[in-house]
Amino acid sequence: MTATTADAPPPDPRLPKRRGVELLLLVGAVLISVYGYAAVGLARNDAVPPDVAGYGAGLGLLALLAHLAVRFRAPYADPLLLPIAVLLNGLGLVLIYRLDLETPKDQAAPTQLVWSTLGVALFIAVVVFLRDHRVLQRYAYLSVAAALVLMIVPIFFPAVNGAKIWIRVGGFSFQPGEFAKILLAVFFAAYLAANRTALAHTGRRIWKLQLPTGRVLGPIVAIWLLSVGVLVLERDLGTSLLFFGLFVIMLYVATGRTGWIAVGLLLAAVGAFVVGSFEPHVHSRVQDWLDPFASIDAGRGPSQLAQSLFAFAAGGMLGTGLGLGNSILIGFAAKSDFILATAGEELGLAGLTAVFLLYALLVARGYRAGLALRDPFGRLLSIGLASILALQVFVIAGGVMGLIPLTGMAMPFLAQGGSSVVTNWIIVALLIRVSDQARRPRPDHVETGVIAPMAEDGL
């Protein structure tokens, strides 16, 4: 029998596009960044910086171009993702500019602005040319091959600050591992989506954990072990921890089995103990974490971690004010690993909480977009990309605050680092594309109200 209009349920209500809301939030994000830039100049030189109008116009133009790309190519995308990214990127530029005033011979803000422009350009390219995120599923094995190549190449270049994670050619340098994390997320999502049934319902049960067969689990475990092994050789503990966490989270989401979380935590603890005990570079960071004030007692002066803790303490509840802190005493990593200490000292606990809430909202909206999708690949990809941001924030903030040992990663959008800011803009672009697909009206709802049978998207 054919369903009629009278007995068929009504179609889903059409969701508003919310592009006007996005534009208003972008205006607010740019104004907050410009205000911060002007506040630094007033605090340091008792005058508004002469180029504040140019800074505001440049950031506003980038935000407008990104907004237009979303408005015309992803009209149903989540309206919060782009404004949050613009605000975090703008705040990062303000903090780097503030620290540049303490290091006249090392100006990082202009370079960071160039990298941010490149990141926004790639954001626009992804939004415009990637019509459907499911296209990426076809290139799963190409993605993992490219990721492994990107991680292996830095081994042949000299170490920088104890880690071989950089490629330097002349005055140009970038960190390939930043791009590898996106490629690995694509591979994990594609493989787990194609084998999620076998991973969840086959294999041998050991205690309360049902292990999949080796034929199904073996390839992805091998890729993960190879990637982590390369990173250990490069002494890049932070990225190896990120890849491990990404693998465990996506495996849990694909199978729905909480036992993988317990296994992941156990393996992480064992691996951290082994590497922290026998690798000198990592062992020194563990020792500094266990007693951050040991260098003061030994008469060598405060370590970077100790200076960071002093900066957080000096900030108090409301902070010293932009431009009025002393976090530059942290040393060479003040603009990268420890830039969060500057935010904590000059914005206080209140400002730092606001920054963390922005990250939390960005991650939550990424999860929401993934959970709203029907295709397993898109769901896993969105959750994986959002988890990358969440893990980075946790690892970096935990290290700078003394909760866990330092790992040497860049705070998303805030810290100095061209590879990092470009990669994070690509992640936001992919989340924009996924959220547009998730909020877009379903094509199976016809005008008569007759609803066609819903079939799960094929793999």
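Please read these numbers as outputs of a predicted model, since none were measured by experiment.

**Considering the nonpolar core**
Counting 114 residues, the largest nonpolar core has Phe123, Leu385, Leu414, Trp425 and Ile432 as the members making the most contacts within it. Considering each element in turn, this core owes the most residues, 14 residues, to helix H3 (residues 81-100). Those residues within four positions of leucine 385 in sequence are excluded, and the remaining contacts are Ile182, Ala185, Ile427, Leu430 and Leu431.

**Thoughts on the pattern of salt bridges**
Summed over the entire model, instances satisfying the criterion amount to 11 salt bridges. The salt bridge partner of arginine 44 is glutamate 102, with a shortest N-O separation of 3.0 Å. You can see arginine 44 sitting in helix H1 (residues 19-45) and its partner glutamate 102 sitting in the loop between H3 and helix H4 (109-129), a full 58 residues away along the chain. Judged by its relative accessible area of 34%, arginine 44 falls in the partly exposed class.

**Some thoughts on the packing of helix H2 (residues 52-73) against H3**
Interhelical geometry of H2 versus H3 gives an angle of 160 degrees and a closest axis separation of 11 Å. Taken together, the axis directions place H2 and H3 in an arrangement best described as roughly antiparallel. When you trace H2 past H3, the crossing you get is right-handed. Along its contact with H2, which presents Tyr55, Leu59, Ala63, Ala66, His67 and Val70, the element H3 presents Leu82, Val86, Gly90, Leu93 and Val94. Considering only residue class, the contact of H2 with H3 consists of nine nonpolar, two polar and no charged.

**Some remarks on the confidence of the model for the protein chain**
For the protein chain, per-residue confidence averages 82 on the pLDDT scale, and 80% of positions sit at 70 or higher. When the elements of the protein chain are averaged for pLDDT, strand S4 (residues 209-211) gives the smallest value, 60, and H3 the largest, 95. Residue range residues 445-459 is modelled with pLDDT below 50. Its contacts to residues more than four positions away, or to other chains, number 30 contacts.

**Some details on a nonpolar patch on the surface**
On the surface, a nonpolar cluster with roughly 720 Å² of combined accessible area is contributed by Leu23, Val27, Leu31, Leu61, Leu64, Leu65, Leu68 and Phe72. At the level of elements, H1 and H2 are the ones that each hand at least two residues to the nonpolar patch. Ranked by the residues each element gives to the nonpolar patch, the list is headed by H2, at five residues. Along the polypeptide, leucine 64 turns up in helix H2. Residue classification places leucine 64 among the partly exposed residues on the basis of a relative accessible area of 38%.

**Describing helix H13 (residues 304-315)**
Side chains that are three or four residues apart share a direction in an α-helix, a result of its 3.6 residues per turn. Helix length check: H13 (12 residues) gives 17 Å between terminal C-alpha atoms against 16 Å at 1.5 Å per residue, within 8%. Among the residues of H13, those classed as buried are Leu305, Ala306, Gln307, Ser308, Ala311, Phe312 and Gly315. At the C-terminal side of H13, glycine 316 shows a positive phi close to 60 degrees.

**Overview of the side chain of serine 420**
Within the secondary structure, serine 420 is located in helix H16 (residues 418-439). Discounting chain neighbours no more than four positions away, the residues touching serine 420 are Glu178 and Ala410.

Scoring rules and cut-offs
- Residues numbered from 1 in each chain as written.
- Predicted model: local features only at pLDDT ≥ 70, side-chain atom pairs only at ≥ 80, totals over all residues.
- Heavy atoms only, no water.
- Core = buried A, V, L, I, M, F, W, Y, C linked by side-chain atoms within 4.5 Å.
- Buried < 20%, exposed > 50% of the residue type's maximum accessible area, 1.4 Å probe, protein only.
- Helix = DSSP H or I, 4+ residues; strand = E, 2+ residues; numbered from the N terminus.
- Contact = heavy atoms within 4.5 Å.
- Salt bridge = Lys/Arg side-chain N within 4 Å of Asp/Glu carboxyl O.
- Axes fitted to C-alpha atoms, helices over the stretch in contact; angles between N-to-C directions.
- Parallel < 35°, antiparallel > 145°, perpendicular 65-115°, else oblique.
- Left-handed = near helix turned anticlockwise from the far one by under 90°.
- Nonpolar A, V, L, I, M, F, W, Y, C, P; charged D, E, K, R; others polar.
- pLDDT = per-residue confidence, 0-100.
- Patch = residues over 30% accessible without salt bridge, like charges linked within 9 Å, V, L, I, M, F, W, Y side chains within 5 Å.
- Areas by Shrake-Rupley, 256 points an atom, 1.4 Å probe, with all protein chains shown as cover.
- Expected span 1.5 Å × (residues − 1).

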